There are 4 protein chains.
Amino acid sequence: MTDVEPIRVGVLGARGRMGLEVCKAVDAAPDLELVAMVDQGDWLFNAADAGAQVLVDFTTPDVVMDNLHWAVDQGISVVVGTSGFTEQRLDRVRSWLSHKPGVGVLIAPNFGIGAVLMMQFAAKAARYFESVEIIEQHHPRKLDAPSGTATHTARLIAGARAEAGCGPMPDATEDEVAGARGAEIDGVRIHSVRAAGLVAHQEVLFGTQGETLTIRHDSLDRASFMPGVLLAVRSIESRPGLTIGLDSLLS
Amino acid sequence: MTDVEPIRVGVLGARGRMGLEVCKAVDAAPDLELVAMVDQGDWLFNAADAGAQVLVDFTTPDVVMDNLHWAVDQGISVVVGTSGFTEQRLDRVRSWLSHKPGVGVLIAPNFGIGAVLMMQFAAKAARYFESVEIIEQHHPRKLDAPSGTATHTARLIAGARAEAGCGPMPDATEDEVAGARGAEIDGVRIHSVRAAGLVAHQEVLFGTQGETLTIRHDSLDRASFMPGVLLAVRSIESRPGLTIGLDSLLS
Amino acid sequence: MTDVEPIRVGVLGARGRMGLEVCKAVDAAPDLELVAMVDQGDWLFNAADAGAQVLVDFTTPDVVMDNLHWAVDQGISVVVGTSGFTEQRLDRVRSWLSHKPGVGVLIAPNFGIGAVLMMQFAAKAARYFESVEIIEQHHPRKLDAPSGTATHTARLIAGARAEAGCGPMPDATEDEVAGARGAEIDGVRIHSVRAAGLVAHQEVLFGTQGETLTIRHDSLDRASFMPGVLLAVRSIESRPGLTIGLDSLLS
Amino acid sequence: MTDVEPIRVGVLGARGRMGLEVCKAVDAAPDLELVAMVDQGDWLFNAADAGAQVLVDFTTPDVVMDNLHWAVDQGISVVVGTSGFTEQRLDRVRSWLSHKPGVGVLIAPNFGIGAVLMMQFAAKAARYFESVEIIEQHHPRKLDAPSGTATHTARLIAGARAEAGCGPMPDATEDEVAGARGAEIDGVRIHSVRAAGLVAHQEVLFGTQGETLTIRHDSLDRASFMPGVLLAVRSIESRPGLTIGLDSLLS
């Protein structure tokens, strides 16, 4: 590493579960400096006074728009992990940014680099294999099956296959006990395993004559989101305008 | 190895697909001697004349009973891979054997040692884990889902859990796309993956707080049955009477 | 479940890291009752006064022998996870127990049921396969390679193969970059993977012509030891004398 | 699919092991037409007379250069799986092609799409994870360890990490039985497993705090090369000049 000045970072929602992890991660990174920790009841202006170049926002849907408006106005770029962004909200952010050509805002539903890469690789491999199925495995307290990530992956794969003109996958099943072949999302089969001892895992299995390619992601705790947050913090100043998702940073 | 006399082995159905493999495997084993290859149109007596101590029968349901009757009568032990044994047929074999206390007959639906061990281990582990699910993966030309082996494994596991007084497995799923959680056999979930490039694979996943135990079997070709056939050939003379399945030889 | 009286359990070392987990686990089990939590500075007699039938000892090598002597004397069975037991210490425990025929003591270096089952299954499968290798995967802060569990598993496998008269495994490697084929323990190859994001994982891979059998254990946190502790607590009163390891309870 | 004219394909080395597979694969593809099968003793001109637009060459190093010279001269594009291409030979091919701007030649050491994608994905993921190790698993008749593919993958990963400024991977190992931590290729650890029942498998394991990403390729027979050959056949006419490897076709 060289003696480049560290990036000065402020964290909004700094006392929340994710905010605390972000503060720790920023603090531990030699090329970043934690200059402001702001939460309910604190002044946003503290962040500006402390010279923050980038803010990370893990707050709540009811305050995030005000935070963004203020930050863009101040010329500060923002990395946002808060949820609740409708198309309408995104349009408002775009309009604020249109007056501030140097400022960047990145809004991501998922900062897990591994999960994002898994989806990118799956989308890319999709057209080259006859068959593909998804097996996702989670702890038994999960309410939905399949997981949101699995459903999203299936849609990406189905889209890539359609675009490449792939036909339906081979499947001679005639005699099925209900559910054995999994759920079908856009023609892609998903199998949802639920067992004690599991956390959050997903496997995408591609197969063609004589070979299989498997892409597997295992996530063990929420610390796994921090590398994605830091990647965004380091990239945002060179990406003016609105960026949705981590995807375009990983290419 | 010592200079023990090799066991003299005859093969019935010697020109069939499995019979040929058995001939090759016996021939390649230094402690076994292939003394007779019998098929349709050949005399069974050849096997006796050649001094066969053990016969291996991979013929058809319509001739296997005659073969067995004759062999037991001659005092020759038999390892049988032919299918079609009803409870009634087994009773007749038992009655023939009751007059020949030194003769053994082993009838097995599956000579894959790996598959049999997988099922034994799964049955044994069943009572110690909160959760267990089965993922079986096969080529896409397979007609049934789940596979017979998966269904059989689920029943063994369910039986072992019931015996140990295990309660139902934890599962908070409320919102399921039909089929995502797989088929249910005696309370055990089975997921059937079908993809080009696969052959025959099964994974049994056990989980309890903080740990998982996975038992996986991959079968790539029918040569995988030969070690089980040879194990039976080597064991049968010391196991008089009727033995069903390879299970009791693996303990 | 029936209305059998719960087993009354006392915990020694109750404020330690493992002791606390044991207290929580006992408390959560409907068939067990936590009647005493004892730590440094507390009276052992409290445990007896509270009517404890079984004690769990996660203390330190310097006090565990006194605890055991007292408990055996009181006729209370003990499950011990404390380390430091030499052959000499075990002999003293045996001699105390010889005067108390109804009392049981179980001393185990590892209460992970999954790990113990993995080793049992590996030892059993060993004789039926031409090849076997171990791949163990741990976090990068681990100091030793291979892990103690992998070394122990290799020895069990080597012993089982020797007993069954198995020859050396096939391996045509002529041109090896140093280390590629792993470490050799009693003729069994072990590969030690170290990577961020891993916790503690081990895979035992068995192979013979046309098939492989894989036994894999994944351990994610120390809660994974609790089912083994509770199993020991529930079994110890029916196992008078000294028991070493969880092994004989899992059969 | 539309009623586009099929591509007319000739196969050189058509009676060799790979050539035969190519003939079968071309014949089975509705958008390709097998117009010439040429082997030792046949006239190359047959291929031109039959109107071949693309040739596939799986011959031998001693004839492949003559084949290529002739084909380029005739204005026919060629997909080459024959080995033995030195830098000098490649230069000669380039010079021939410089006079025929519409003709393409693709020379690939490996037509396995799965293997090529695995390497691409590994190279791309490399910079985002603290740790990465490679586990390759092959049949025990293999002479070298690690495999060529594993070594090549390690070099790609090391290059990508160096370019991104990644530091060394974390590894606290102090006490190692020789070989446990595998072979080191450009700082990347490779573990080579050899066991009966395996064919050709490779796993690349990436890890960072709280998550791992695994890319695994399983190859079961040489039919697995055909999709790559067909992809090259379909693409080569739109890629004039010399192309090395399948890589640029998969993007």
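Residues numbered from 1 in each chain as written. Chains lettered and ligands numbered in written order. Predicted model: local features only at pLDDT ≥ 70, side-chain atom pairs only at ≥ 80, totals over all residues. Heavy atoms only, no water.

### Thoughts on the interface of chain D and chain A
Across the contact, 34 residues belong to chain D and 34 residues belong to chain A. Overall, the association of chain D and chain A removes approximately 2,600 Å² of surface from exposure, summing both partners, and the carbon and sulfur fraction of that is 59%. For chain D, the biggest contributors to the area lost against chain A are Phe121(D), Tyr128(D) and Glu211(D); these three give 24% of the whole. Taken together, chain D and chain A are joined by 0 salt bridges. Of all the secondary structure elements, the ones that give two or more residues to the side of chain D that touches chain A are helix H5 (113–125), strand S12 (211–219) and helix H7 (226–235) of chain D. Broken down by class, the residue content of the side of chain D that touches chain A amounts to 17 nonpolar, 12 polar and 5 charged. (Contact = heavy atoms within 4.5 Å. Buried area = accessible area lost by both parts, 1.4 Å probe. Salt bridge = Lys/Arg side-chain N within 4 Å of Asp/Glu carboxyl O. Helix = DSSP H or I, 4+ residues; strand = E, 2+ residues; numbered from the N terminus. Nonpolar A, V, L, I, M, F, W, Y, C, P; charged D, E, K, R; others polar.)

### Overview of the relation of the copies chain D and chain A
When chain D is fitted to chain A, the residual RMSD is 0.1 Å, and the transformation amounts to a turn of 180° plus an axial shift of 0.1 Å. Given the turn and translation reported, the copies of this chain are related as if by a two-fold rotation axis. Residue Ile215(D), judged by its C-alpha, is the member of chain D lying nearest the rotation axis, at 2.4 Å. Taken as a fraction of all interface residues of chain D, those also at the interface in chain A reach 100%, which identifies the copy contact as same-surface. (Least-squares fit on C-alpha atoms with pLDDT ≥ 70 in both.)

### Regarding the relation of the copies chain A and chain B
Mapping chain A onto chain B calls for a screw motion: a turn of 180° about the axis and a shift of 0.0 Å along it, with 0.1 Å RMSD after fitting. A share of 100% of interface residues in chain A that are also interface residues in chain B marks the association as one of identical surfaces.

### Some remarks on the domain arrangement of chain A
Residues and elements named next belong to chain A. Split into domains, chain A comes out as domain 1 (7–107 + 223–249) and domain 2 (113–220). Summing the contributions of domain 1 and of domain 2, the shared interface buries around 400 Å²; its carbon and sulfur component is 57%. Its largest share of buried area at the contact with domain 2, domain 1 owes to Ser224, Leu246 and Asp247, together 75% of the area lost on that side. The tally of links from domain 1 across to domain 2 stands at 0 salt bridges. Its residues assigned to classes, the side of domain 1 that touches domain 2 shows 3 nonpolar, 2 polar and 1 charged. (Domains from an automatic or database assignment.)

### Describing the packing of helix H5 (residues 113–125) of chain B against helix H6 (residues 148–163) of chain B
Residue and element names in this part refer to chain B. The contact between H5 and H6 brings their axes to 8 Å, and the two run at 25°. Considering their axes alone, H5 and H6 lie roughly parallel with respect to each other. As for how H5 packs across H6, the hand of that crossing is right-handed. The segment H5 lies against H6, with Met118, Met119, Ala122 and Ala123 engaging Thr149, His152, Thr153, Leu156, Ile157 and Ala160. In the contact of H5 with H6, the residues fall into 7 nonpolar, 3 polar and no charged. (Axes fitted to C-alpha atoms, helices over the stretch in contact; angles between N-to-C directions. Parallel < 35°, antiparallel > 145°, perpendicular 65-115°, else oblique. Left-handed = near helix turned anticlockwise from the far one by under 90°.)

### Quick word on the pattern of salt bridges
Residue and element names in this part refer to chain A. Under the defined criterion, the tally for this structure stands at 48 salt bridges over all chains. Measuring nitrogen to oxygen at the nearest pair gives 3.5 Å for the salt bridge that ties Glu184 to Arg189. Beyond isolated ion pairs, a larger network of salt bridges with shared partners links Glu87, Asp91 and Arg94.

### Here we look at the interface of chain A and chain B
Counting residues at the interface gives 43 residues for chain A and 43 residues for chain B. Summed over both partners, the interface of chain A with chain B comes to about 3,000 Å²; 62% of that surface belongs to carbon and sulfur atoms. Counting across the chain A and chain B interface gives 0 salt bridges. Among the elements of the structure, strand S6 (131–138), strand S7 (144–145), strand S8 (175–176), strand S9 (183–185), strand S10 (188–194), strand S11 (200–208) and strand S12 (211–219) of chain A are those that each provide at least two residues to the side of chain A that touches chain B. Broken down by element, the side of chain A that touches chain B gets its largest block of residues, 5 residues, from S10(A). Per-class residue counts for the side of chain A that touches chain B are 18 nonpolar, 13 polar and 12 charged. Taken together, the 2 bridges between S7(A) and strand S8 (residues 175–176) of chain B define a ladder with parallel strand orientation. Its bridge partner being in S8(B), Ala145(A) is matched across the sheet by Glu176(B). (Pairing = 2+ DSSP bridges.)

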